[in-house]
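# Observations on the model geometry
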Amino acid sequence: MISKYKVVVEGKNPDYFITQLIKNNICIYKLEKEYKKLIIIISENDFNKLKEIKTSYKYYVIDSYGLVKVRYLFKKYYFFLMCFGGGILLILFLSHFIFSVEVLHSNSYIREVVYNNLRENGIYKYKFKVNYEEKEKIVDRILKKEVNDIEWLEIEEVGTKYIVRVLERKRNKEKEVCQARNIVAKKDAMILEIQGEVGEIVKKKYDYVKAGDIIISGIIHNKEDIVAKKCASGKVYGEVWYKVNLEVPKEYKEERVTGREKRQLEINFLGKRYAFFNGFKTYKRKSISLLSSNILPVSIDFTKYLETDVLRYSYNLSNIDDMALDMASSKLKNKLSKDDVILSKKVLKKQEKNSKIIVEVFIKVKEDITDSLEIIDSKE
C-alpha cells in the first residue's frame, strides 16, 4: 500500500512549478490545474523531496492515502480506539459473570426451593458462570435431592442471565367423582368408530350426527324402564368435513434452509453490525445477545447463520392443484390435534383473480369427536 499525499500548490505560474517537480524526479499520480493553483497527488517519499525544494510557491496537504492516512487516523482517534478496545475487553471479561438468575414457575414454594439449591451449587448473581458439564451435574444433583417436588429442570444461559425452567412433580390426587352423563358428539360428523366403556351405545358406525347428539347414553334401560344413571365413558371417532379457502400468488417465492450453518461472534456498534462472515449468499440469522451495555453503544452477539435456497415458482390453473392441497393440509393441521388424520383431500373450485389464484379445497379428517354432557333430572 503506497502512502500518498494530495497537495495544493499556489503561485503565479503553475506550469513552471511542474517543470521543477520533473527536474527533481517527483512522480505525479494525478494533476489538476486551476487558476494560479495546482492540485497534485504524489508519494510520501516525493513529498519529502518537495519539502527540500526552495521555492516561493506555497503548498499544503489537503488529503492523504495509504499507510500515511492510517497513521494519521490512528493518531487522531488514538484515545477513542483505546477506550473502545478497553471497553470490548471489559465487556468480554464481564460476559463470564452471572448478573441475573430467574426461575420460571408459578408456585412460589418451588421457586424458593430451586433458588436455594442453585445458591448451594454456586449459581447466583455476580458469580462466575459454570461450564456445560458442571451445569448438567448441578441439574442432576438438584433433581436427586428434590425428587419429591421436582420432575424436570433446565438451566438456560442467555447472555449474562440464567433462566431456569422447572416442572413440578405431580402427586397422585383422589379421583374425582364422575356424575351421571352422556357421551355426545363434539361436532357434526359421520361416525367411524365407537369405543364404548361405560353406558349404552345408541348410535352405530356410519351414522351421521350433529354436535350435541347422544352417542353413548349414561341412562341404562331394561326394556322400557330406567334402571340406572351412570357416568358414560368411551371414545368416538368421526369423519369431519372441512372447506379450506386459499389465495395463492401466481409468482411464489419460498426460502428453504439447506442444513448448512456457521456460528460466530458479532459486534454491534452505533447501530451497525460488524461480522467477519460472508460465506452464504442467502441465509437466515438467529442471534443471542451475550452482552450489552447501557453506557456504551456496543453489544456482543452470538449468531448462527443458516444457509438458504430461494425457490421461485409460477402457478396457473393447470399446475396449482398439488401446491394448493399441500397448503390446505398445512393450514388445517394448525387447528387439528396431533392424533387427527387427514383421510382425503381434493380441489373443489379454482379461479384466477388479478395476480392470485383463488382455490377451494375439500378435506375429510378422522377426528376424536368425543364430548360429554351431564344428565340433569332426566325422566326417560
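So, here's what we can say about the structure. (Residues numbered from 1 in each chain as written. Predicted model: local features only at pLDDT ≥ 70, side-chain atom pairs only at ≥ 80, totals over all residues. Heavy atoms only, no water.)

A negative phi angle characterises most non-glycine residues, just as the trans form characterises most peptide bonds. For Lys 36, which is not glycine, the phi dihedral falls at a positive 55°. Among the structural elements, Lys 36 can be located in the loop between β2 (30-34) and β3 (37-43). On the accessibility criterion, Lys 36 (39% relative accessible area) is partly exposed. Look at Tyr 126: it is not a glycine, yet its phi comes out positive at around 65°. The exposed category is assigned to Tyr 126, whose relative accessible area is 57%. (Helix = DSSP H or I, 4+ residues; strand = E, 2+ residues; numbered from the N terminus. Buried < 20%, exposed > 50% of the residue type's maximum accessible area, 1.4 Å probe, protein only.)

This part covers the nonpolar core. If you look at the biggest cluster of nonpolar residues, it comprises 28 residues, and the most contacted ones within it are Ile 215, Leu 246, Ile 320, Val 361, Ile 363 and Ile 369. Where this core is concerned, the elements lending two or more residues are β8 (181-185), β9 (189-198), β12 (214-217), β15 (233-249), α7 (321-333) and β21 (356-368). Among the elements that line this core, the one with the most residues is β15, at six residues. Apart from the residues lying within four places of it in its own chain, the contact partners of Val 361 are Tyr 242, Lys 243, Val 244, Leu 246, Ala 324, Leu 325, Ala 328, Lys 346, Val 347 and Leu 348. One finds Ile 98, Val 103, Leu 118 and Val 139 within the second-largest nonpolar core, a separate group that totals 18 residues. (Core = buried A, V, L, I, M, F, W, Y, C linked by side-chain atoms within 4.5 Å. Contact = heavy atoms within 4.5 Å.)

Residues Tyr 72, Leu 73, Phe 74, Tyr 77, Tyr 78, Phe 79, Phe 80, Leu 81 and Met 82 make up a contiguous nonpolar surface patch of about 940 Å² in total accessible area. Put simply, the parts of the chain that give the nonpolar patch at least two residues each are α3 (67-76) and α4 (78-94). Structurally, Leu 73 can be placed in helix α3. (Patch = residues over 30% accessible without salt bridge, like charges linked within 9 Å, V, L, I, M, F, W, Y side chains within 5 Å. Areas by Shrake-Rupley, 256 points an atom, 1.4 Å probe, with all protein chains shown as cover. Salt bridge = Lys/Arg side-chain N within 4 Å of Asp/Glu carboxyl O.)

Our focus in this paragraph is the packing of aromatic side chains. The final tally for this structure, using the stated rule, is 10 aromatic pairs. Aromatic pair Phe 99 and Tyr 126: ring centres 6.0 Å apart, planes at 85°, arrangement edge-to-face. Here Phe 99 is found in the loop between α4 and β5 (100-104), whereas its partner Tyr 126 is found in the loop between α5 (108-120) and α6 (132-145), with 27 residues between them in sequence. Stacked on the ring of Tyr 29, the Lys or Arg Lys 4 has its end atom at 4.3 Å from the ring centre. Its guanidinium or amino end placed over the ring of Tyr 124, Arg 119 lies 4.4 Å from that ring's centre, counting from NZ or CZ. (Phe/Tyr/Trp six-rings, centres within 6.5 Å; stacked < 30°, edge-to-face > 60°. Lys NZ or Arg CZ within 6 Å of the ring centre and 35° of its normal.)

Here the focus is the side chain of Glu 239. Counting through the fold element by element, Glu 239 comes out in strand β15. For the buried Glu 239, no salt bridge is present, and the opposite-charge side chain at shortest range is Lys 364, 4.1 Å distant. Engagement of the side chain of Glu 239 in a polar contact is seen with the side chain of Trp 241, the distance being 2.7 Å. With residues near it in sequence (within four places) discarded, Glu 239 still touches Ala 189, Met 190, Leu 192, Leu 343, Lys 364 and Val 365. (Lys, Arg positive; Asp, Glu negative; His and termini not counted. Polar contact = N/O pair within 3.5 Å; in protein donor to acceptor, adjacent residues only side chain to side chain.)

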